[in-house]
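# Coordinate inspection notes
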Amino acid sequence: MTTVGIDCGTQRTKAVLVRDGEILAAAVTRTDFDTNKAAEDAFAMLLQESGLSAEDVEKIYITGVGAQTIRIGDGKVNEIMSAAAGAARLVPGCRCVLDLGAERNRAIRLDEGKRVQGYEVNDKCASGSGTFIEAMARVLDTTIDDFGDLALQHQKDIILSAQCVVFVESEVISLIHQNEAASDIAWGVLEGVASHIVGLANRFGKVRDICVIGGPTRNSGLMAALEKEIGQKITVAPQAEYASAYGAALLAAE
């Protein structure tokens, strides 16, 4: 069966074309203001990459924060279910999914049958999110792509005391004026982000077999900070940015 999953996030819309459980094509585009156009563009990119036509696709399922405003597709699936389905297939032994996004993060606990046992969502504060890291990268005059590598060059730990985004930015600027190394500040930022994320998982009690999905997994420094904060090895899922779109496509096939 050939299906498509489209994950419409606040910044980026991801899409995958799946045949019999295998990803044949993947695409990503900016969400911007028109979520429906972003979904249509991502779908068109899939068809171009795969060489298939729209008639070859049997079902399209939509997920993500922008799902309700998208008019194309045959059905919608909530973000928890799509993230869990995608992560469980990509990392079969995963029991706790950390789903990292631009504006919110989720921790999802799975049982041995890969069913969702519970979840926690941090959507009240942006200081643990991808957009926050982007803002801090601008303050440190670097790019989001280089931020993680910069942080891994740190020589000492800097603990940021502020929790709110606005106050953290002010604290970072103050540290710059104190001639603290950019790498040390960047590591302090990522440790703070990691603390927020791990706090979600810790609401389940002791967790194990942790896998991580979402765009921020590309940040090597953040992944190192997460492992340090949680005190155990974590697995970054293959195709991590597309995991929720993949999950939507798998659920469409069911």
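Rules behind the numbers
- Residues numbered from 1 in each chain as written.
- Predicted model: local features only at pLDDT ≥ 70, side-chain atom pairs only at ≥ 80, totals over all residues.
- Heavy atoms only, no water.
- Helix = DSSP H or I, 4+ residues; strand = E, 2+ residues; numbered from the N terminus.
- Rg over C-alpha atoms; globule rule 2.2 N^0.38 Å.
- Buried < 20%, exposed > 50% of the residue type's maximum accessible area, 1.4 Å probe, protein only.
- Salt bridge = Lys/Arg side-chain N within 4 Å of Asp/Glu carboxyl O.
- Patch = residues over 30% accessible without salt bridge, like charges linked within 9 Å, V, L, I, M, F, W, Y side chains within 5 Å.
- Areas by Shrake-Rupley, 256 points an atom, 1.4 Å probe, with all protein chains shown as cover.
- Lys, Arg positive; Asp, Glu negative; His and termini not counted.
- Charge placed at Lys NZ, Arg CZ, Asp CG, Glu CD.
- Pairing = 2+ DSSP bridges.
- Contact = heavy atoms within 4.5 Å.
- Axes fitted to C-alpha atoms, helices over the stretch in contact; angles between N-to-C directions.
- Expected span 1.5 Å × (residues − 1).
- Polar contact = N/O pair within 3.5 Å; in protein donor to acceptor, adjacent residues only side chain to side chain.
- Right-handed = clockwise from strand over helix to strand, strands pointing away.
- Core = buried A, V, L, I, M, F, W, Y, C linked by side-chain atoms within 4.5 Å.
- Disulfide = S-S within 2.5 Å.

### Remarks on the overall build of the chain
On a plain count of helices and strands, the chain comes out with eight helices and ten strands. Relative to the globule expectation of 18 Å for 254 residues, the C-alpha radius of gyration of the chain, 19 Å, shows essentially globular dimensions. Projected onto the principal axes, the alpha-carbon positions of the chain cover approximately 60 × 40 × 30 Å. A buried classification covers 53% of the 254 residues belonging to the chain.

### Considerations on the pattern of salt bridges
Pairs can form between side chains of opposite charge once their charged atoms are near each other. Counting across every chain of the model gives 14 salt bridges. Ionic pairing is found between R12 and E241, a salt bridge with its closest N-O pair at 2.8 Å. Of this pair, R12 sits in strand β2 (residues 12–19) while E241 sits in the loop between β10 (234–236) and α8 (243–253); the two residues are 229 residues apart in sequence, bridging distant segments of the chain. On the accessibility criterion, E241 (14% relative accessible area) is buried. Among the salt bridges present, the one from K228 reaches D157, with a minimum N-O distance of 3.2 Å. With K228 in helix α7 (residues 220–230) and D157 in the loop between α4 (144–151) and α5 (165–177), the pair connects residues that are 71 residues apart, well separated along the chain. For K228, a relative accessible area of 46% translates into the label partly exposed. Overall, the relative accessible area of 46% leaves D157 in the partly exposed class. Linked through salt bridges whose partners overlap, the residues forming this network are R12, R218 and E241.

### Some details on a negative patch on the surface
There is a patch of like negative charges on the surface, built from D20, E22, E55, D56 and E58. With respect to the secondary-structure elements, E22 resides in strand β3 (residues 22–30). A relative accessible area of 54% means that E22 is categorised as exposed.

### Re the sheet that holds strand β1 (residues 2–8)
Reading across from one edge, β3-β2-β1-β4-β5 is the order of the five strands in this open sheet, with mixed pairing throughout. Pairing within the sheet leaves two strands with one partner each, and these edge strands are β3 and β5 (75–76). Contacts from α8 reach β1, β2, β3 and β4 (59–63) within the one sheet, and its direction differs from that of β1 by about 140 degrees.

### So, helix α1 (residues 35–50)
Relative to the 22 Å expected for 16 residues at 1.5 Å per residue, α1 spans 23 Å between its end C-alpha atoms, a close match to the ideal helical length. Here α1 has its buried residues at T35, N36, A38, A39, A42, F43, L46 and L47. Those residues of α1 that are buried lie in contact with β1, β2, β3 and β4. Its side-chain oxygen 3.2 Å from the backbone nitrogen of N36, D34 forms the N-cap of α1. G51, located one to two residues past α1, shows a positive phi value of around 80 degrees.

### Some thoughts on the pairing of strand β9 (residues 210–213)
The alternating pattern of β9 places I210 and V212 and C211 and I213 on opposite faces, both of which are buried. Pairing analysis gives four bridges linking strand β6 (residues 96–100) to β9, with the strands arranged parallel. In the sheet register, V97 faces β9, and the bridge partner there is C211. Bridge count for β9 against β10 is three bridges, and the pairing is parallel. Following the sheet pairing, I210 is matched in β10 by I234. The parallel pair β9 and β10, bridged by α7, forms a crossover whose chirality is right-handed.

### Here's the deal with the nonpolar core
Counting 39 residues, the largest nonpolar core has L98 and F147 as its most contacted members. Of all the secondary structure elements, the ones that give two or more residues to this core are β6, α3 (130–139), α4, α5, α6 (182–202), β9 and α7. Among the elements that make up this core, the one with the highest residue count is α6 (eleven residues). Non-local contacts of F147, meaning those with residues more than four positions away in its chain, are made with I133, M136, A137, L140, T142, A186, V189, L190 and N219.

### A look at the state of the cysteines
Under the criterion given, the structure shown has one disulfide. Paired through a disulfide, C94 and C211 show a sulfur-sulfur distance of 2.4 Å. Across the disulfide from C94 to C211, rotation about the S-S bond amounts to roughly -80 degrees, and the bridge is consequently left-handed. Of this pair, C94 sits in the loop between α2 (79–90) and β6 while C211 is found in strand β9, placing the two residues 117 residues apart along the sequence. Overall, the relative accessible area of 2% leaves C94 in the buried class. Accessibility expressed as a relative area gives 0% for C211, which makes it buried.

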